[in-house]
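# Coordinate inspection notes
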Amino acid sequence: MAEITFNYCGFDSKKDFGIVLNDINRPITAEFKEQVTEIPGMLGDLYEGTSLGGKKFELDVSLLTENESDRVYTLRELANVLTQTADGDEYPLVFSDETDVTWWVHPTSTSMPERLNRSSAVSFTMSFTCAEGVGYQTKEEIQLTEETTVYTPKGNTTTRPVLTLTTESDLTKIGVSNGDEYVYLGAGFDVENQDAPINLKPRVLNDPCNTLASWTKITPATLSFNIENGSLSTDSDMTTTDNAIKIGNKGGKSYFGKNPLGVGGKTWFGPVRQQMLSKELEDWQVTARMRITNKYPRAKNKIELYLLDKKGTRIGKMMIKDNENSLENLIDLQIGYASTSGKYKAIYSSDRDGQGKTTKKNTLKPKKISFKTIAKVTDKKNKIKKGDVISKAMTVEQSNEQNVFTDFYGNLTIKKQGNKYTATVEKINKKGLSNKKYTKTFTDSDNKFGDKVAGVALYLSKWDIKEDTSNPVVEYTPNYLSLADVKVYEILGKQKQIVAEKGDEIIIDCENNVVYRNGIRYLENVSIGSQFFDAEAKQENVVTVYPTPDAKNQWEMSYVPRIN
């Protein structure tokens with residue numbers, strides 16, 4: 001009989017931890033929860049059905065190590081994995097005797113380790129729960145080429161389809177149906193009144209950020225807005241990849257330029273690129289897709305997109321900043337003209353709003369850095385003259401503490417409609433879809449702001465740390481910053497509107513009961529009667545879509561087979 005192993009969250013039980021799986025207590029079904037009501041005077045109970053809860057797995061394991069130190073170290077590493085994944089999400093668990101099925105689980109308990117035969121080996125039980133109660137197989141994808149498609153899902157229980165439309169047209173309505181339920185976006189056309197839909201949220205700027213052609217490099221002479229606690233470096237620039245704008249290189253490394261205040265000067269510094277719109281907008285929405293990948297715990301970097309009026313004056317700002325000796329990030333979305341009291345309003349601030357909570361505690365100790373410097377005074381005892389190059393060492397603080405915005409990738413949005421402002425932060429998952437959303441609103445009752453937007457400017461910067469001031473410089477990798485997409489919309493009113501524009505991707509996700517437009521939640525045009533639907537395994541199901549698939553409207557349907 002082949003030995004059974006398991007893989008949890010990418011860690012192999014045998015290869016990574018030396019764990020032997022003795023037995024799996026694997027239930028046949030998810031937990032049954034009978035719903036009954038006791039009615040006075042009635043013989044028996046009123047049975048109202050049975051619901052199914054989660055599915056629990058108990059793994060009886062042994063940890064075989066050669067000595068006490070290995071045992072303690074391995075249990076410590078295992079504890080780290082389990083505690084980090086007890087964070088409200090679920091993670092993949094795969095058994096080697098059913099490698100085609102993934103159970104998304106969360107850890108629930110571990111028993112006290114018991115020694116085996118007076119050795120350093122121990123045995124214990126690890127418990128996991130799959131909240132949904134079903135396993136997942138490999139996703140299936142179907143290209144839809146007809147208005148109605150018949151398909152038979154794999155697996156052995158109910159699944160939920162995800163339908164994706166990529167359009168090259170302006171659409172006033174979009175719909176999908178399984179014959180009984182439907183999801184519909186838009187409104188019907190009133191033939192009698194000829195109220196043809198118009199686009200009440202036209203896209204004025206749609207920049208995929210794969211070229212700098214439309215972005216003007218700013219110099220000290222052309223800088224027209226206030227940079228928050230920052231300076232413009234003139235000897236650095238930005239560059240592009242196939243899908244993002246990032247900092248340029250020098251000598252094969254990211255280069256933010258020379259510090260305008262001198263090495264170690266107390267300022268942020270880096271290049272600025274600016275792009276103006278074709279017109280100024282009274283009511284507007286600006287959405288930017290940004291990334292910051294935290295590399296070195298002590299590195300300090302920030303990415304900012306400034307919102308400008310037609311004169312190039314700052315009227316708002318979106319920012320992701322790492323300004324601590326850790327891997328934690330701060331996110332701010334502001335309106336206003338400068339970062340001084342009374343001149344701006346932070347609509348959303350992750351620190352102020354309590355949403356930048358710590359997700360991983362620090363495990364690093366202070367770090368010793370050796371460097372060379374110039375002697376400021378003569379030291380006769382050590383035979384050092386003023387001006388001599390001397391070696392020194394210093395200890396600096398560092399931390400690998402993380403928060404919910406560590407390695408952030410997602411959309412930052414500021415929307416102005418009248419005197420109401422809405423700021424939204426959306427984290428994007430590996431599938432390119434929004435999976436966490438944070439929103440705050442502000443009503444400018446005093447009409448203190450209310451500016452028209454006419455352009456945007458990108459600022460990528462760093463702050464010198466001790467490593468930069470050493471002689472020679474201590475090399476380290478700065479945080480990766482990039483801007484992957486910028487969209488600016490004009491908001492016109494509340495009449496009937498176009499629900500999708502040329503180039504849009506609309507995802508109708510029956511898996512999570514949500515609609516996305518270009519990766520952003522989009523429920524404002526979903527009809528009240530809409531109902532997301534399921535698909536039954538091992539039997540024929542139908543799906544009908546509108547618009548009909550053609551060269552300008554391409555449909556794809558996917559689903560994940562589920563196993564009881």
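Overview of the structure. Quick caveat, the model's predicted, so the values are computed rather than measured. (Residues numbered from 1 in each chain as written. Predicted model: local features only at pLDDT ≥ 70, side-chain atom pairs only at ≥ 80, totals over all residues. Heavy atoms only, no water.)

## Focus: the nonpolar core
- Among the nonpolar cores identified, the biggest contains 46 residues, and L305 and L483 are the most heavily contacted of them.
- Here this core takes 5 residues from strand β26 (residues 284-293), the largest share from any one element.
- Dropping the residues within four chain positions of it, L305 is found in contact with W215, V286, A288, M290, G316, K317, M318, V456, A457, L458, L483 and V486.
- Formed by 25 residues, the second largest nonpolar core is a distinct cluster that contains L21, V61, L82 and W103. (Core = buried A, V, L, I, M, F, W, Y, C linked by side-chain atoms within 4.5 Å. Buried < 20%, exposed > 50% of the residue type's maximum accessible area, 1.4 Å probe, protein only. Helix = DSSP H or I, 4+ residues; strand = E, 2+ residues; numbered from the N terminus. Contact = heavy atoms within 4.5 Å.)

## Brief notes about the environment of S391
- Among the secondary structure elements, S391 is positioned in strand β33 (residues 389-396).
- Note on S391: relative accessible area 60%, which makes it exposed.
- Sequence spacing of S391 and T373 is 18 residues, and the spatial spacing of their C-alpha atoms is 6.5 Å.

## A look at the state of the cysteines
- The final tally for this structure, using the stated rule, is 0 disulfides.
- Left unpaired, C9 is separated from the closest cysteine sulfur, that of C130, by 15 Å.
- Given the relative accessible area of 27%, C9 is considered partly exposed. (Disulfide = S-S within 2.5 Å.)

## Points about the pattern of salt bridges
- One pass over the structure, following the stated rule, counts 31 salt bridges.
- Of the charged contacts in the structure, one is a salt bridge between K317 and E228, with a shortest N-O distance of 1.9 Å. Within this pair, whereas K317 is found in strand β28 (residues 314-322), its partner E228 is found in the loop between β18 (216-217) and β19 (230-232), the two being separated by 89 residues in sequence.
- According to the relative accessible area criterion, E228 is buried, its value standing at 13%.
- Linking K310 and E280 is a salt bridge whose minimum nitrogen-to-oxygen distance equals 4.0 Å. One end of the pair, K310, is in the loop between β27 (301-308) and β28; the other, E280, is in strand β25 (residues 272-281), with 30 residues separating them in the sequence.
- Residue class for K310 comes out exposed when judged on its relative accessible area of 59%.
- Linked by salt bridges that have partners in common, E132, R160, E511, D534 and R562 make up one network. (Salt bridge = Lys/Arg side-chain N within 4 Å of Asp/Glu carboxyl O.)

## Thoughts on the environment of G354
- Examined against the element boundaries, G354 turns out to sit in the loop between β30 (344-349) and β31 (358-360).
- A C-alpha to C-alpha distance of 37 Å links G354 and D534, two positions 180 residues apart in sequence.

## Things to note about the sheet that holds strand β13 (residues 148-151)
- In spatial order, the strands read β13-β43-β15-β16; together these 4 strands make up an open sheet with antiparallel pairing. With partners counted over all chains shown, the strands left at the sheet margins are β13 and β16 (182-186), one partner each. Across the sheet, the mean angle from the axis of one strand to that of its neighbour is 10°, orientation sign disregarded.
- Of the strand pairs in this sheet, strand β15 (residues 173-177) and strand β43 (residues 541-546) are connected by 3 bridges, and their pairing is antiparallel. Following the sheet pairing, S177 is matched in β43 by T544. (Pairing = 2+ DSSP bridges. Axes fitted to C-alpha atoms, helices over the stretch in contact; angles between N-to-C directions.)

## Quick notes on the environment of V286
- Along the chain, V286 falls in strand β26.
- Classification of V286 by relative accessible area gives buried; the value is 0%.

## Notes on a nonpolar patch on the surface
- Together, I39, M42 and L46 give the surface a local cluster of nonpolar side chains, amounting to about 210 Å² of exposed area.
- Here M42 lies in the loop between β4 (32-38) and β5 (45-52).
- Of the residues examined, M42 reaches a relative accessible area of 36% and is grouped as partly exposed. (Patch = residues over 30% accessible without salt bridge, like charges linked within 9 Å, V, L, I, M, F, W, Y side chains within 5 Å. Areas by Shrake-Rupley, 256 points an atom, 1.4 Å probe, with all protein chains shown as cover.)

## Digging into the pairing of β5
- The sheet contact formed by β4 and β5 spans 6 bridges and is antiparallel. Each residue of the ladder has a partner; that of T37, found in β5, is L46.
- Counted along the chain from β4 to the antiparallel partner β5, the turn is 6 residues long, and its residue G41 has a positive phi close to 85°.

## Some details on the sheet that holds strand β44 (residues 553-559)
- With antiparallel pairing, 6 strands are arranged side by side in an open sheet as β12-β44-β14-β40-β41-β42. Of all the strands in the sheet, the pair left with one neighbour each is β12 (140-144) and β42 (520-521).
- As defined by bridge partners, strand β41 (residues 514-517) adjoins β42 across 2 bridges and the pair is classed as antiparallel. Residue pairing across strands places Y516 opposite R521, the latter belonging to β42.

## Observations concerning the pairing of β27
- A large share of β27 lies buried, amounting to 8 of its 8 residues.
- Note: β27 against β28, 8 bridges, orientation antiparallel. Following the sheet pairing, L307 is matched in β28 by G316.
- Between the antiparallel neighbours β27 and β28 lie 5 residues, among them G312 with a positive phi of about 85°.
- Relative to strand β38 (residues 453-463), β27 runs antiparallel, the two being bridged by 8 bridges. Along β38, the bridge assignment pairs L307 with V456.

Geometric values such as these leave the question of function open.
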